[in-house]
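# Structural characterization, general
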Amino acid sequence: MKILYGVQATGNGHIARSRTLAKALQKYPELEIQWLFSGRPKENLFGMEIFGDYWWRRGLTFIHREGKLKTFETIQKLGFFQFKKEVSELPIDEFDLIISDYEPVTAWAAKIRKKASVGIGHQYAFLYPIPAPRFNWLVHNILRIFAPTQKSLGLHWHHFGHPILPPIVPPQKGPDQDAGSHILVYLPFEHPVPMLEELSKVDDQFIVYGIPENLPAAENICIKAPSTTGFQRDLANSRAVICNSGFELLAETLALGKPILSRPLASQFEQLANAKALNQLGLAKIVQCINAQSIINWLNNLPPPLRIQWPNVAEAIARWIAAGCKQPPAEMADALWRKVVPRPTESRDYTYQNTSK
């Protein structure tokens, strides 16, 4: 089976999830996969070796600045004419299946030419009534039409009574013997200079990713360049994590049992929804401003550790794809949630019914 797999590359979470799934798909040599990435300049991609000779397209992306989505600038710079050209010229006829991790070029090419398509990713969970901020009809419809597919597998930290799968996370190795006491900070959407000034006022050690590494920083702050393996190591060895409310990093952090302080990107629906779900499930401390005082208050009141052991969702999805995507998603979801430890109905603040009937 020949598959064209599109990945939205505006954030690192989609790519990280796809790396894990790519390893699982390699176990099925009958699957010939061509990867495509869009939404970020190609020169800014890193750690892409597992995807082989991947394709790149401009796609659609979002403009953000100083912790807030810039809606008007995003609309101005979407580049619909270029996007339409990329969709119409994408050579999909040779493929048997199109998979989209919320990647719009592949999704729309499949829709227009009526090719079999599957959506895999966190955004597809929003096709169901899950915790989310109130939003107008425009946002609701944009969310649904951005990367539409015939079938979809939504991912989330909880099923909320719907056929939603647990997150796809890489195998968690745990901390090294010489694990430090640092706090990992990943706030790529914040204004870095004021953020570093606030961190310097806290009597703790911080390792910071996602900002220019040549910025001056106080002695308690170490800024590191992008690195997949380095980031995973520092995440595992940290004692706590400060981040925005993107989905994938939070899923990995929950798998490691690290306390989380999170601030959603203002005006960004997905992150606001994630923050609401985290707060409702009791999985993180949500704040509207990351500053010295909010960090100190959080550190002084850290909750007991809660480590969630997610099942091997990537393996289950790879097996599902190799078998022709025939198993009903509800069956796969029920089987996977039974393997989550602690079970959603057993862990603190989980109040939703199980999907099992």
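Owing to the predicted nature of the structure, the values given are computational and were not obtained by experimental measurement. (Residues numbered from 1 in each chain as written. Predicted model: local features only at pLDDT ≥ 70, side-chain atom pairs only at ≥ 80, totals over all residues. Heavy atoms only, no water.)

### Observations regarding the overall build of the protein chain
Let me state the cut-off plainly: Here a helix means four or more residues in a row that DSSP labels H or I, a strand means two or more in a row labelled E, and each is numbered from the N terminus. Throughout, exposure labels follow a simple rule: accessible area from a 1.4 Å probe, protein chains only, divided by the maximum for the residue type, with under 20% read as buried, over 50% as exposed, and the rest as partly exposed. The contact rule is simple, with two residues in contact once any of their heavy atoms fall within 4.5 Å.
When helices and strands are tallied, the protein chain shows twelve helices and 14 strands. Considering the protein chain as a whole, with its 357 residues, one finds that 55% of them fall into the buried category. Excluding contacts between residues fewer than 6 apart, the proportion of contacts in the protein chain whose partners are at least 24 apart in sequence is 65%.

### Overview of unusual backbone geometry
The step from V341 to P342 runs through a cis peptide bond, and the omega angle for that step is -5°. Here P342 is to be found in the segment after α12 (329–337). The phi angle at Y102 is positive, at roughly 55°, despite the residue not being glycine.

### A few points about the sheet that holds strand β8 (residues 151–154)
As a reminder of what qualifies: One bridge is not enough; two strands pair if DSSP finds at least two bridges between them. Here an angle of 0 to 180 degrees is reported between the N-to-C directions of two axes, which are lines fitted to C-alpha atoms, with helices fitted over the stretch in contact.
Taken together, six strands build an open sheet; the order of strands is β3-β2-β1-β6-β7-β8 and the sheet is parallel. Looking at strand neighbours, the two that pair on one side only are β3 (55–57) and β8, the edges of this open sheet. Ignoring which end each strand starts from, the neighbouring axes of this sheet average 20° apart. By the bridge criterion, three bridges tie strand β2 (residues 32–38) to β3 in an arrangement that is parallel. Across the sheet, F37 pairs through a bridge with W56, a residue of β3. Together, β1 (2–8), β2, β3, β6 (97–101) and β7 (117–121) form the strand contacts of helix α4 (residues 104–112), whose direction differs from that of β6 by roughly 145°.

### Comments concerning the sheet that holds strand β14 (residues 285–286)
Taking strand neighbours across the sheet as the criterion, the six strands line up as β11-β10-β9-β12-β13-β14 in an open arrangement whose pairing is parallel. In this open sheet, the two edge strands, each paired with only one partner strand, are β11 (221–223) and β14. Across three bridges, strand β10 (residues 206–209) lies against β11 in parallel orientation. Note on β11: the bridge partner recorded for F206 is I221.

### As for the environment of D203
Structurally, D203 is set in the loop between α6 (192–200) and β10. Residues D203 and I296, spaced 93 residues apart in sequence, show a C-alpha to C-alpha distance of 8.8 Å.

### Details of the side chain of R19
To keep it simple, the criterion reads: His is not counted here, nor are the chain ends, while Lys and Arg score as positive and Asp and Glu score as negative. Salt-bridge detection follows one rule: a side-chain nitrogen of Lys or Arg within 4 Å of a carboxyl oxygen of Asp or Glu.
Mapped onto the fold, R19 is located in helix α1 (residues 12–25). Despite its burial, R19 remains without a salt bridge, the nearest opposite charge being carried by E49 at 6.2 Å.

### Considering the nonpolar core
The condition that has to hold: What we call a nonpolar core is a set of buried Ala, Val, Leu, Ile, Met, Phe, Trp, Tyr and Cys residues that are connected through their side-chain atoms within 4.5 Å.
Grouped together as the largest cluster of nonpolar side chains are 92 residues, with contacts concentrated most on F37, I120, W157, W310 and I321. Contact partners of F37, with chain neighbours within four places excluded, come to V7, A9, I15, L45, M48, F51, Y54, W55, W56 and R57. Counting residues in hydrophobic clusters, the runner-up holds 21 residues, among them L187, L199, V208 and I295.

### Some details on the side chain of Q271
Within the secondary structure, Q271 sits in helix α9 (residues 269–281). Apart from the residues within four sequence positions on either side, Q271 is in contact with F189, N244, S245, G246, R263, P264 and L265.

### Brief notes about the packing of aromatic side chains
In this description, an aromatic ring pair is defined by two values, namely the gap between the centres and the angle between the planes. As a reminder of what qualifies: Only Phe, Tyr and Trp rings take part, Trp by its six-membered ring, and two of them pair if their centres are within 6.5 Å. Stacked means planes under 30 degrees apart, edge-to-face means over 60, and tilted covers everything else. Only when the NZ of Lys or the CZ of Arg is both within 6 Å of the ring centre and within 35 degrees of the ring normal is a charge said to sit over the ring.
Applying the stated criterion across every chain, the model contains 13 aromatic pairs. Centroid distance W35 to F37: 6.5 Å. Interplanar angle 20°. Geometry classified as stacked. Like W35, the residue F37 is buried in the burial classification. Taken together through their ring pairs, the aromatic side chains of Y5, W35, F37, F51 and Y54 make up a single cluster. Geometry around F95 places K2 over its ring, the cationic atom sitting 5.6 Å from the centre. One residue, K42, lies across the ring of Y54, its end atom 5.4 Å from the ring centre.

### Remarks on helix α3 (residues 80–89)
Selection rule: Relevant arc is that of directions from the helix axis to the C-beta atoms, nothing else.
Of the residues making up α3, those classed as buried are F83, E86 and V87. Looking down the long axis of α3, one finds its buried residues gathered within 100° of arc, a one-sided arrangement. In α3, the exposed positions that point more than 90 degrees away from the buried face belong to F81, K84, S88 and E89. Buried residues in α3 make contact with β3 and α4.

### A short note on helix α10 (residues 292–299)
Considered for burial, the residues of α10 that qualify are A292, S294, I295, W298 and L299. Residues of α10 that are buried in the fold lie against β9 (183–186), α6, β10, β12 (240–243), β13 (260–262) and β14.

### Some words on the pattern of salt bridges
Within the structure shown, the criterion is met by ten salt bridges. Between E94 and K2 there is a salt bridge, with its nearest N and O atoms 3.1 Å apart. Here E94 is found in the loop between α3 and β6, whereas its partner K2 is found in strand β1, with 92 residues between them in sequence. In this structure, K224 and D234 form a salt bridge, with 3.0 Å as the shortest nitrogen-oxygen distance.

None of the figures reported here should be taken as evidence of function without further support.
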